[in-house]
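Chain by chain, the residues run as shown.
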Amino acid sequence: MNARRTPFGLEADGGGMSRAALGGRFTFPGTSLTVERIGYGAMQLAGPGVWGPPGDPDGAVAVLRAAVAAGVNHIDTADFYGPHVTNQIIRRALHPYSAGLVIVTKLGARRPADKSWQPAISPRELIAGVHDNLRNLGLDALDIVNYRAMGAIHGPAEGSIAGQVTALAELRRKDLIRHIGLSNVTAAQVAEAQAITDVVCVQNNYNLAHRGDDALIDNLARQGIAYVPFFPLGGFTPLQSSTLSAVADRLGAKPMQVALAWLLHRSPNILLIPGTSSVAHLRENLAVGRMTLSPETLAELNGIAAAAVAAKH
Ligand SMILES: NC(=O)c1ccc[n+]([C@@H]2O[C@H](COP(=O)([O-])OP(=O)(O)OC[C@H]3O[C@@H](n4cnc5c(N)ncnc54)[C@H](OP(=O)(O)O)[C@@H]3O)[C@@H](O)[C@H]2O)c1
C-alpha cells in the first residue's frame, strides 16, 4: 500500500487514518454518554467580555450547526455566559437536539449588572441555576453539570466544596442532573467530591504552556475520568511560542492546531472544547483529530511549559 504520511494522518492509496476523524471516542465513566474527543466550547458565542449578545447572532448559530454537522457531539456551556446568551443560542441553533448530543453546563457563578463574575454557591442559587439552564436550553434534565469553584484569580484555591457537591447530588437524585463534574478544582477537592458522588469529568485550565495539572490528569486517566482543559488555546491570552510556530511551520499546520493535537496526544482521557466564533477556525480545530505527532515532535513541544516557567523567574 502506498500511503503518504502527513501530520494529518496517512493519506491516499487506501491508507487508513491513524486517528478517527474527531480524535476517537470517549465514554464518561459509569454513563451511557459517549462523545467524540473533539468537542466545542460555546463561551466565545456571547458578546465581548462574555457579556450580552454577539455582534453576529446568525454567525454564532452557523458555528454551532457546522460543529454538529461535522460530528461534534460534546458542547460545553454555562448559563452565566452572557448571561443566558450562549444557552439561548444553542437552543436556537440545535433544538430539538439530536440523540447522542451531550451538553455539559456548569453552576457556581452569577453575573451581576457590573459584568463581574461572582460566586453563586448557596443551595438556593444552585437550584435556581439548574432551572435557568433547563429553561434556556429547553431540556428536562441536564446530561452533565460541572460544579465550577470560583477559586483565586489565577486558578483553583483549596477549601471544602462538600456543601455544593452535596446540593448537586441532591439535584441528581431528583433527576434534574444526570451526571456530575467539577471545574477549577484541586486534586484534594476532586477526592472530597468523590467521597460524596461519582465524578465523570474535571474541567480545569490546562494547555501546552500551563501544565499545573499534569499529575491530576494522570490520576484521572487511571480512573477513566475525563479531563477537559479550558483555555486549550490560551483563552484570553492566546498561546504564543516560537517552538510551537516552528513545529507548525515544519508540519504544514497552524500553531493552534499543533497545540490541540498535543493535548489529544497528552492523555486518552483529555477531551477538547476549543472555543471559537468562526466557522473557519472551527474547521481548523476539527481537522486536528486526524493529526499525528511523532515522539520527537512531542518531546520538543513538552519543552514549552518548562521554558514558560523559566521565563517567569
Ligand atoms: N470552566 C471554566 O471556568 C471555563 C473557563 C473558560 C472557558 N471555559 C470553556 O472552555 C472553552 C474553551 O475556552 P476558551 O474559548 O475561553 O479559550 P480557548 O479555546 O483557549 O481559545 C479561544 C480563543 O482562541 C481563538 N481561536 C479558536 N480557534 C482558533 C484557531 N483555529 N486559530 C486561531 N484562533 C483560534 C478564538 O477566537 P475566534 O473566535 O476568532 O476563533 C478565541 O479567541 C470555552 O468556550 C468554555 O466553554 C470554561
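Scroll up a little and you will see the structure.
Here is what the cut-offs are and how they apply
- Residues numbered from 1 in each chain as written.
- Predicted model: local features only at pLDDT ≥ 70, side-chain atom pairs only at ≥ 80, totals over all residues.
- Heavy atoms only, no water.
- 1 Å grid on protein atoms, 1.4 Å probe; cavity = no way out; pocket = protein on both sides within 12 Å on 5 of 7 lines; lining within 4 Å.
- Points joined across faces, edges and corners; volume = space filled by probe spheres on them.
- Helix = DSSP H or I, 4+ residues; strand = E, 2+ residues; numbered from the N terminus.
- Nonpolar A, V, L, I, M, F, W, Y, C, P; charged D, E, K, R; others polar.
- Expected span 1.5 Å × (residues − 1).
- Buried < 20%, exposed > 50% of the residue type's maximum accessible area, 1.4 Å probe, protein only.
- Contact = heavy atoms within 4.5 Å.
- Near = heavy atom within 4 Å.
- Polar contact = N/O pair within 3.5 Å; in protein donor to acceptor, adjacent residues only side chain to side chain.
- Areas by Shrake-Rupley, 256 points an atom, 1.4 Å probe, with all protein chains shown as cover.
- Right-handed = clockwise from strand over helix to strand, strands pointing away.
- Pairing = 2+ DSSP bridges.
- Core = buried A, V, L, I, M, F, W, Y, C linked by side-chain atoms within 4.5 Å.

A.B. asks: Got a sec to walk through empty space enclosed by the protein? Specific residues and values, please.
C.D. replies: Gaps left between atoms are located by rolling a probe of water-molecule size over the structure's atoms. Overall, the coordinates contain one cavity of 30 Å³ or more when judged by the stated rule. Taken as a whole, the largest cavity spans an internal volume of roughly 40 Å³. Looking at the largest cavity, the residues that line it are Phe28, His74, Asp76, Val104, Asn146, Cys201, Gln203 and Val228. Residue assignment for the lining of the largest cavity shows that the elements contributing at least two residues are β6 (74-76) and β12 (201-203). Of the residues that constitute the lining of the largest cavity, the class distribution is four nonpolar, three polar and one charged.

A.B. asks: Go over the layout of surface pockets, please, and point to the residues and values.
C.D. replies: Looking at the second largest pocket, its volume works out to about 240 Å³. Surrounding the second largest pocket, 17 residues form its lining, Phe80, Ala109, Arg110, Gly129 and Asp132 being those nearest its centre. Sorting the residues of the lining of the second largest pocket by element identifies β7 (102-107), β8 (109-110) and α3 (123-137) as the ones contributing at least two each. Broken down by element, the lining of the second largest pocket gets its largest block of residues, six residues, from α3. By residue class, the composition of the lining of the second largest pocket is seven nonpolar, four polar and six charged.

A.B. asks: Give a description of α3 that names residues and reports values.
C.D. replies: Taking 1.5 Å of rise per residue, the 15 residues of α3 would be expected to cover 21 Å, and the 21 Å separating its terminal C-alpha atoms lies within 8% of that figure. Those residues of α3 lying buried are Leu126, Gly129, Val130, Asn133, Leu134, Asn136 and Leu137. Residues of α3 that are buried in the fold lie against α2 (85-94), β7, β10 (142-148), α4 (162-173) and β11 (177-183). Remark: Gly138 follows α3 within two positions and exhibits a positive phi of approximately 70°.

A.B. asks: Kindly report on the site of the ligand, identifying the contributing residues and their values.
C.D. replies: Within the structure, the ligand sits among 25 residues, and Asp76, Leu233, Thr276, Ser277 and His281 are positioned closest to it. In this structure, Tyr81 approaches the ligand through a side-chain N or O atom, which is 3.4 Å from a nitrogen atom. Contact between the ligand and Arg148: an oxygen atom at 2.7 Å from a side-chain N or O atom of the residue. Its free accessible area being 880 Å², the ligand has 87% of it covered by the protein chains. It is helix α9 (residues 279-287) that provides the largest number of residues to the shell around the ligand, a total of three residues. Looking at the shell around the ligand, its residues break down into ten nonpolar, eleven polar and four charged.

A.B. asks: Requested: an account of the pairing of β7, with residues and values cited.
C.D. replies: Of all six residues that make up β7, six are buried, and the element is covered over most of its length. Every second residue of β7 is oriented toward a common face, with Val102, Val104 and Lys106 on one face and Ile103, Thr105 and Leu107 on the other, all of them buried. In this region the chain leaves β6, passes through α2 and returns to the parallel neighbour β7; the handedness of that crossover is right-handed. Pairing of β7 with β10 involves four bridges; the strand directions are parallel. Residue pairing across strands places Leu107 opposite Tyr147, the latter belonging to β10.

A.B. asks: Give a description of the nonpolar core that names residues and reports values.
C.D. replies: In this structure, Leu64, Ile90, Leu182 and Leu301 are the most contacted members of the largest nonpolar core, which totals 82 residues. Ranked by residues supplied to this core, first place goes to helix α8 (residues 255-266) with seven residues.

These results come straight from atomic positions and should not be treated as a statement about function.
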